Structure formats: structure tokens, C-alpha cells
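Structure at a glance
If you want the building blocks of each chain, they are given just below.
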Amino acid sequence: MAVNGEAGSVDTKADHGDFADFYHRELDPQVRRAALLLGSSDLANDVVHDAFVAVYRRWDRLDKPGPYLHMTVLNGCRGVHRQRARQRRFLPRLVDGAPSPSVDEHLDDLLAALPFNQRAAIVLRFYGGLTTEEIAQELGCAAGSVGPWINRALATLRKALP
């Protein structure tokens, strides 16, 4: 059973009424979640709005639009993360004369460098408060994969942080 942004609320279309209500209820939590996954509120807004367009196009055929929206946002974030990884691999960074990054920028860079599944597991656990089983369902993986992803991500962050 899929759970909406609020703990314990079952997400069915009958609960949503019309699309406008669904949009207004889901927009802020989805943007916050995507911003944590991407490290950018601008990119998060783009991904979430693209996901809402996808939901709107299928609105009449969706019995449970909440889980569909969650997965569409997560997949959009995954796509942006892949694009960033390609950019980091192929585009040289210009560091001459650049100011040293702040702590927040440094943490954002460290999070961005994590593999997507590790970053997603961290965000879903510590921001979303999801259980291992719920994270596995969101990411479409075995529950046994979630713990190692979280442990590897935390180990990487511990090594890199001063």
C-alpha cells in the first residue's frame, strides 16, 4: 500500500478529489524531496512540474496518482543525477580563481557525487523517515540493498567531511 507524504495516509484517487487539489497538496512535499535528492530547488521544481504534467496526462486512468507521482519524481531525479554524472566525467571544472566553497556547497557536492541509489536511500531514510522496506519499494529494489547503500553513503560522507 502506497503512502502519501503524510505518515499513514493511504493514497487513492478517491481521496484526492480533482487534480487541482492533488496538485496543491503534493507540490511542496514533492519539491522538498526532489530538492534534497538533487541539491537544487530550481532543478527540483522542474522535475516535479514535469512529473505533474505526466500525472495530469494520465489522470483519468490512474487509480492511485500519489504513488505514480512519487515514482515519476524519483525517476526524474535519477535522470538529472545521471546527466550530472556524465557532465562531471566529461566537462573539466574551472577552478582557477574560484572562491573556496562554503560548507553547504561542499556537502551538496559530496551528496551529488554519491551514486543515485545511495543518495536516494539517505534522503528517503533521514528526510522522508521511510523504513527499509518502504525505501526498497520506492526505489524498486530488494530491501537487502537499502542498508548497504545507506552504510556506504554514510562512510563516504564521514571520510570526506572534516
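As shown above, the structure is provided for reference.
Below or above, wherever it landed, is the structure these notes cover. All figures in this text were calculated on a predicted structure; none of them were measured in a lab.

What to know about helix H2 (residues 19-38)
The sharpest bend along H2 comes to roughly 40°, located at Glu 26, with the proline Pro 29 sitting one to four residues further on. Looking at H2, one finds that the buried residues are Phe 19, Phe 22, Glu 26, Leu 27, Gln 30, Val 31, Arg 33, Ala 34, Leu 37 and Leu 38. Looking one or two places after H2, you find Gly 39, whose phi comes out positive at around 75°.

What about the nonpolar core?
With 37 residues, the main nonpolar core has Val 73 and Cys 77 as its most contacted residues. Tallying contributions element by element places H2 first for this core, with seven residues. For Val 73, the contacting residues outside a window of four places in its chain are Gln 30, Ala 34, Val 47, Val 48 and Ala 51.

Topic: the packing of helix H6 (residues 116-126) against helix H7 (residues 132-139)
The N-to-C vectors of H6 and H7 enclose an angle of 135°; their axes lie 10 Å apart at closest approach. Accordingly, the angle class assigned to the pair H6 and H7 is oblique. Seen along the crossing, H6 lies across H7 with a hand that is right-handed. Across from Asn 117, Ala 120, Ala 121, Leu 124 and Arg 125 in H6, the residues of H7 making contact are Thr 132, Ile 135, Glu 138 and Leu 139. Tallied by class, the residues present in the contact of H6 with H7 amount to five nonpolar, two polar and two charged.

Thresholds, definitions, all that
Residues numbered from 1 in each chain as written. Predicted model: local features only at pLDDT ≥ 70, side-chain atom pairs only at ≥ 80, totals over all residues. Heavy atoms only, no water. Bend = angle between axes of the 7 residues up to and from the residue. Helix = DSSP H or I, 4+ residues; strand = E, 2+ residues; numbered from the N terminus. Buried < 20%, exposed > 50% of the residue type's maximum accessible area, 1.4 Å probe, protein only. Core = buried A, V, L, I, M, F, W, Y, C linked by side-chain atoms within 4.5 Å. Contact = heavy atoms within 4.5 Å. Axes fitted to C-alpha atoms, helices over the stretch in contact; angles between N-to-C directions. Parallel < 35°, antiparallel > 145°, perpendicular 65-115°, else oblique. Left-handed = near helix turned anticlockwise from the far one by under 90°. Nonpolar A, V, L, I, M, F, W, Y, C, P; charged D, E, K, R; others polar.

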